Amino acid sequence: MAAEELDKRSKQPQKKGLSDTRVRVMLTYAFSLIPGETPGPNGKPVPVDKSDFNTFVIPSDDARQVIRAATRSAYAEVCGLPQLAQANLKALLAQESKKDWTRQQMLMVEALHLFALSYFTGNAKIEEGPETTAASGTEETEGGESAVTQAPPAPKCPPEQKQKVESAINAYVASVPAN
């Protein structure tokens, strides 16, 4: 029940949750956060080839799961539970690393979590309009006008919400089998 309440923030009023279009837009914004190089196994920087967005894309349903995890992390941050936010992210990455993702797709998972966390804590906004392209996963608004979706206000965290957040994240972390 608590997990459903936490997931509400990442869902539009339709039963399916976030629309495919909204997920693609969030993936596009997340892509912009992926760095040009990342630390390699030996600690030395390894370049990231960002020339093909499609090599980073993950399926919409998987992206929705990442966004739901980010919603839990956002609540943990707002409730002053940074250790739980980290445990939630660690569990997400452990779960996703068991899938057959490429290095680029795992970078997308991390970036999508970061972007969605920022969005749901009120620290980001989504702009859609004619200057964005179909190749980037966004669609023009009617009449080609620009549309800006402000981030929702940061969630509140009364004591009962804090307990729900703790329970939801602890249940999620416990549900992810150890490596």
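This write-up is about the structure you can find in this document. (Residues numbered from 1 in each chain as written. Predicted model: local features only at pLDDT ≥ 70, side-chain atom pairs only at ≥ 80, totals over all residues. Heavy atoms only, no water.)

The next thing to look at is the packing of helix 3 (residues 60-78) against helix 6 (residues 159-175). Packing of helix 3 against helix 6 leaves a shortest axis separation of 10 Å and a crossing angle of 140°. By the angle between their directions, the pair helix 3 and helix 6 is classed as oblique. As helix 3 runs across helix 6, the sense of the crossing is left-handed. Judged by residue contacts, R72, Y75 and A76 of helix 3 engage Q161, V165, A168, I169 and Y172 from helix 6. (Axes fitted to C-alpha atoms, helices over the stretch in contact; angles between N-to-C directions. Helix = DSSP H or I, 4+ residues; strand = E, 2+ residues; numbered from the N terminus. Parallel < 35°, antiparallel > 145°, perpendicular 65-115°, else oblique. Left-handed = near helix turned anticlockwise from the far one by under 90°. Contact = heavy atoms within 4.5 Å.)

Quick look at the packing of helix 3 against helix 4 (residues 82-97) now. The N-to-C vectors of helix 3 and helix 4 enclose an angle of 165°; their axes lie 7 Å apart at closest approach. Overall, the two elements helix 3 and helix 4 adopt an arrangement that is roughly antiparallel. In this structure, the crossing between helix 3 and helix 4 has a hand that is right-handed. Here Q65, V66, A69, R72, S73, A76 and E77 of helix 3 lie close against helix 4, whose contacting residues are P82, L84, A85, N88, L89, L92, Q95 and E96. Grouping the amino acids of the contact of helix 3 with helix 4 by side-chain chemistry returns 8 nonpolar, 4 polar and 3 charged. (Nonpolar A, V, L, I, M, F, W, Y, C, P; charged D, E, K, R; others polar.)

When you line up the elements, M108 lands in helix 5 (residues 103-120). Through-space distance from the C-alpha of M108 to that of L33 is 8.8 Å; in sequence the pair is 75 residues apart. In contact with M108, other than residues within four places in its own chain, are L27, A30, F31, I34, F53 and F56.

With that settled, the discussion passes to the packing of aromatic side chains. For the structure shown, the criterion picks out 5 aromatic pairs. Measuring from centroid to centroid gives 5.1 Å for F31 and F53, while their planes differ by 90°, and the two rings are edge-to-face. Pair noted here: F31 is in helix 2 (residues 20-33) and F53 is in the loop between strand 2 (45-47) and helix 3, with a separation of 22 residues, a long-range link. Grouping residues by exposure puts F31 and F53 together as buried. Arranged with centres 6.3 Å apart and planes meeting at 25°, the rings of F115 and Y119 form a pair that is stacked. Note that F115 and Y119 are positioned in helix 5 at a spacing of 4 residues, about one turn of the helix. Grouping aromatic residues by their ring pairs yields a cluster made of Y29, F115, Y119 and F120. Between the NZ or CZ atom of K50 and the centre of the ring of F31, over which it lies, the distance is 4.8 Å. (Phe/Tyr/Trp six-rings, centres within 6.5 Å; stacked < 30°, edge-to-face > 60°. Buried < 20%, exposed > 50% of the residue type's maximum accessible area, 1.4 Å probe, protein only. Lys NZ or Arg CZ within 6 Å of the ring centre and 35° of its normal.)

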